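Examination of the molecular architecture
The chain contents come next:
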Amino acid sequence: MRDTLEAVSSEAARIWKCAPCPGGVMIRTTCVHPSFEALHVYVDELGDGFIAHDAGDTAASMFLHGIDRETADRVILSECGRSGIGFEDGRIFWKFNSVDWLETAVIVVSNTAASAGRVATTFTNYAPKKRLKDKIFEMLAPEPRDREVSKDFVRRGESGRHHKFDLAVTGGSHLTLINAVERRATSVNSKYVSFSDVGGEGVRKIAVHNGDLRESDIALLGSVATVAEPSETIDLVISVAA
């Protein structure tokens, strides 16, 4: 019984994974978005207290599945009303004064976000749009035949960790690593970590977005990679080998 308890306790301690992110701490919860991606809650200092929020990921997930902003806001606002927490500027949030309330804050925010996502799936137009990385792959695949375009390319970073990039273009002495970045904070943060850890001579890094990133996100990614929209990506890839 003790071995079972220790094994379960050890695994349970790893369920909520924390990582630093711009402005605070990112916590992976046991809740998921309708696409079954892990749902994250972000905790920042706010005056003498704290704020737990979803960084707008819930609304962004709905947009990616064809839900318009007005409908998304209405659904989220309704679920926040049920939970008694706030919704403003696209974020689900709850303010608290002491870290003693951290667990409650994370549970309330994550469950509200997950509930809103489930309600959104009841809409008939809830269907995934073609993923950005697939669009980029289709654009790059017919390009210069002396190079190879690969999906889900893995490269070891300076920290020793292995990072998966959405696309890689290889050929000659050049390697171009490409990540498609969505407006969700989780996407921005994870792509930033990957780009910042991987480098080397002849390596070019491109963060591709649909033109909907915040200026602060573009600035963050721009410190570790070239930030571009899809129409600019082909020229960037070709210029590497020029």
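Look up a bit, the structure's there.
Read on for an overview of the structure.

Calculation criteria
Residues numbered from 1 in each chain as written. Predicted model: local features only at pLDDT ≥ 70, side-chain atom pairs only at ≥ 80, totals over all residues. Heavy atoms only, no water. Salt bridge = Lys/Arg side-chain N within 4 Å of Asp/Glu carboxyl O. Helix = DSSP H or I, 4+ residues; strand = E, 2+ residues; numbered from the N terminus. Buried < 20%, exposed > 50% of the residue type's maximum accessible area, 1.4 Å probe, protein only. Lys, Arg positive; Asp, Glu negative; His and termini not counted. Polar contact = N/O pair within 3.5 Å; in protein donor to acceptor, adjacent residues only side chain to side chain. Contact = heavy atoms within 4.5 Å. Axes fitted to C-alpha atoms, helices over the stretch in contact; angles between N-to-C directions. Parallel < 35°, antiparallel > 145°, perpendicular 65-115°, else oblique. Left-handed = near helix turned anticlockwise from the far one by under 90°. Nonpolar A, V, L, I, M, F, W, Y, C, P; charged D, E, K, R; others polar. Phe/Tyr/Trp six-rings, centres within 6.5 Å; stacked < 30°, edge-to-face > 60°. Lys NZ or Arg CZ within 6 Å of the ring centre and 35° of its normal. Pairing = 2+ DSSP bridges.

On to the pattern of salt bridges, then. Throughout the structure, instances matching the rule amount to seven salt bridges. The salt bridge partner of Glu37 is Arg184, with a shortest N-O separation of 3.2 Å. Residue Glu37 is found in the loop between strand S2 (24–32) and strand S3 (38–46), and its partner Arg184 is found in the loop between strand S9 (174–180) and helix H6 (185–197); the two are separated by 147 residues along the sequence. Salt-bridge contacts for Lys133 lead to Asp152; the nearest nitrogen and oxygen are separated by 3.1 Å. Of this pair, Lys133 sits in helix H5 (residues 132–140) while Asp152 sits in strand S7 (residues 148–156), and the two are 19 residues apart along the sequence. What emerges from the salt-bridge pattern is a single network uniting Glu37, Glu182 and Arg184.

All right, on to the side chain of Asp54 then. Counting through the fold element by element, Asp54 comes out in the loop between strand S4 (49–53) and helix H2 (57–64). It is Arg91 that comes nearest to the buried, bridge-free Asp54 among opposite-charge side chains, at 6.2 Å. Within the structure, the side chain of Asp54 is placed 2.7 Å from the side chain of Thr58, a separation counted as a polar contact. The contact partners of Asp54, leaving out residues within four places of it in the chain, are His40, Tyr42, Gly90, Arg91, Ile92 and Val109.

The next point concerns the packing of helix H3 (residues 69–83) against helix H4 (residues 102–120). Running from N to C, H3 and H4 point in directions that differ by 140°, and their axes come no closer than 9 Å. One finds that H3 runs oblique with respect to H4. Crossing handedness for the pair H3 and H4: right-handed. From H3, Val75, Ile76, Glu79, Cys80 and Ser83 reach across to H4, where they touch Val108, Thr112, Ser115, Ala116, Val119 and Ala120. Tallied by class, the residues present in the contact of H3 with H4 amount to seven nonpolar, three polar and one charged.

A word on the packing of aromatic side chains. Working definition: an aromatic ring pair is given by the centre-to-centre distance plus the angle between the planes. Tallied over the entire structure, the rule returns four aromatic pairs. Ring centres 5.5 Å apart and planes at 20° place the aromatic pair Phe50 and Phe96 in the stacked group. Here Phe96 lies in strand S6 (residues 91–96) and Phe50 lies in strand S4, a separation of 46 residues in the sequence. Each ring, one from Trp94 and one from Trp101, has its centre 6.2 Å from the other, and the planes form 70°; the classification is edge-to-face. For Trp94, a relative accessible area of 21% translates into the label partly exposed. Chaining the aromatic ring pairs together yields one cluster made of Phe50, Trp94, Phe96 and Trp101. When the ring centre of Phe137 is taken as origin, the NZ or CZ atom of Lys151, which lies over that ring, is 4.6 Å away.

Pairing in this open sheet of five strands is mixed, and the strands run S7-S8-S9-S10-S11 from one edge to the other. Edge strands, defined here as strands with exactly one partner in the open sheet, are S7 and strand S11 (226–228). Averaged over all neighbouring strand pairs, the angle between strand axes comes to 35°, with direction disregarded. As judged from the five bridges shared by strand S8 (residues 162–171) and S9, these two strands associate in the antiparallel manner. Note that in S9 the partner of Gly171 across the bridge is His174. Relative to S8, H5 is tilted by about 15°, and along the sheet it contacts S7, S8, S9 and strand S10 (203–208).

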